[in-house]
Amino acid sequence: MINVNNVSKMYGEFSALRNVSCSIQEGEWWGIIGPNGSGKSTLLQLISGVDKITTGELKIRGHHVSKYGRRELSQMLAVLQQDGLPAISFPVRDIIEMGRFPFQDWMGRDLGDNADTIIEDIMNKLQLQELGDRPLDELSGGQRQRVALGKVMAQEPRILLLDEPTTFLDIYYQLQFMELVANWRKETGITVIAVLHDLNLAAQFCDKLLVLQEGEVVGLGTPDEILTEDNIRRVYKVDPAVVQHPKSGVPQVLLSRT
Ligand code: ADP
Ligand code: MG
């Protein structure tokens, strides 16, 4: 579904990505990991069409990303950042409705015939009913990120791009956010690509992990294959202990003091 073929990205003289290739199938959940500045956000921006590749080929559903129109692209993919929504004083329900923009005409009328049902369904799924009339800027960070998720759900994309979506959340909201995405994916079969700092969350939710280091792919495989002590030592320059999660068996990374 998403084919990244030998893609490089230059910012002036600076090479942010070099010869990146990967092929992401419909319905998969990929994690992109790697140290700060390794090119993770850059790769998401290229896939989302926000930024252009310098060389190589990037195709979604067989077509070059650059060939898609803005509306077409936003009906196909949605992006959610670390701090998904600015603290504005709009009511929660209105914010979620804003996610319908790819389906609205120039008057803001929804061209789909069941927009209200879609919005109510999302409010229910994300347990936002009670918050529907509350202004966004009165909510906690965890609640706000849930509204941000609701907004991208209203967009009904086939591909969800997440850039460190849980960074500002406590562990309760981190897990809740990831579970909500997992449920959404289970129901609709969307493809998820998430830049994640938390390797332990990545191991629990992702099918595949792509590791970037200084703009190059240095690892690609399942969490079991990727999250080894050797790999983490090499990429992150720390000396971890990797253990199996006692319940699920997935690799979990413990940090060790030197
Ligand atoms: P990550 O998300 O892995 O932390 P980024 O993709 O944001 O890394 O950035 C990769 C590198 O590209 C960094 O060194 C960053 O400074 C550089 N970079 C990112 N965006 C731009 C830009 N618009 N102009 C110049 N350099 C950029
Ligand atoms: Mg980043």
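Residues numbered from 1 in each chain as written. Chains lettered and ligands numbered in written order. Predicted model: local features only at pLDDT ≥ 70, side-chain atom pairs only at ≥ 80, totals over all residues. Heavy atoms only, no water.

Named according to an unreviewed UniProt entry, the protein is ABC transporter ATP-binding protein originating from Paenibacillus glacialis.

1. Re the layout of surface pockets
Looking at the largest pocket, its volume works out to about 550 Å³. As for the largest pocket, its lining consists of 23 residues, and the residues nearest its centre are Ser-48, Gly-49, Val-50, Val-65 and Leu-73. Elements with a minimum of two residues in the lining of the largest pocket: α1 (40–48), β4 (55–60), α2 (70–76) and β6 (77–80). Split into classes, the residues belonging to the lining of the largest pocket amount to 10 nonpolar, 8 polar and 5 charged. Lining the second largest pocket are Ile-118, Asp-121, Ile-122, Lys-125, Met-153, Glu-156, Pro-157, Arg-158, Trp-184, Glu-187, Thr-188 and Ile-190. Going through the elements one at a time, α4 (115–125) and α6 (171–188) are the ones with two or more residues in the lining of the second largest pocket. The element contributing the most residues to the lining of the second largest pocket is α4, with 4 residues. (1 Å grid on protein atoms, 1.4 Å probe; cavity = no way out; pocket = protein on both sides within 12 Å on 5 of 7 lines; lining within 4 Å. Points joined across faces, edges and corners; volume = space filled by probe spheres on them. Helix = DSSP H or I, 4+ residues; strand = E, 2+ residues; numbered from the N terminus. Nonpolar A, V, L, I, M, F, W, Y, C, P; charged D, E, K, R; others polar.)

2. Some words on the sheet that holds β4
Spatial strand order, β2-β1-β4-β5: 4 strands in an open sheet with antiparallel pairing. Strands at the two margins of the open sheet, each flanked by one partner only, are β2 (14–24) and β5 (63–64). Across 7 bridges, strand β1 (residues 2–11) lies against β2 in antiparallel orientation. Within β2, the residue paired with Lys-9 across the bridge is Leu-17. (Pairing = 2+ DSSP bridges.)

3. Some words on the pairing of strand β9 (residues 208–213)
Taken across its 6 residues, β9 has 5 buried, putting it largely inside the fold. Pairing geometry for strand β3 (residues 29–33) and β9, over 4 bridges, is parallel. Its bridge partner being in β9, Ile-32 is matched across the sheet by Leu-210. In the sheet, β9 pairs with strand β10 (residues 216–221) via 5 bridges, with the strands oriented antiparallel. For Leu-210, the partnering residue across the bridge sits in β10 and is Leu-220. Here β9 folds back onto β10, and the loop between the two strands holds 2 residues, one of which, Glu-214, carries a positive phi near 45 degrees. (Buried < 20%, exposed > 50% of the residue type's maximum accessible area, 1.4 Å probe, protein only.)

4. Observations concerning empty space enclosed by the protein
Tallying each qualifying case throughout the model produces 2 cavities of 30 Å³ or more. The volume enclosed by the largest cavity comes to roughly 80 Å³. Along the walls of the largest cavity sit Ile-33, Val-211, Val-218, Gly-219, Ile-226, Leu-227, Asn-231, Ile-232, Arg-234, Val-235 and Tyr-236, which together make up its complete lining. At the level of elements, β10 and α9 (229–236) are the ones that each hand at least two residues to the lining of the largest cavity. When residues in the lining of the largest cavity are grouped by element, the largest group, 5 residues, is from α9.

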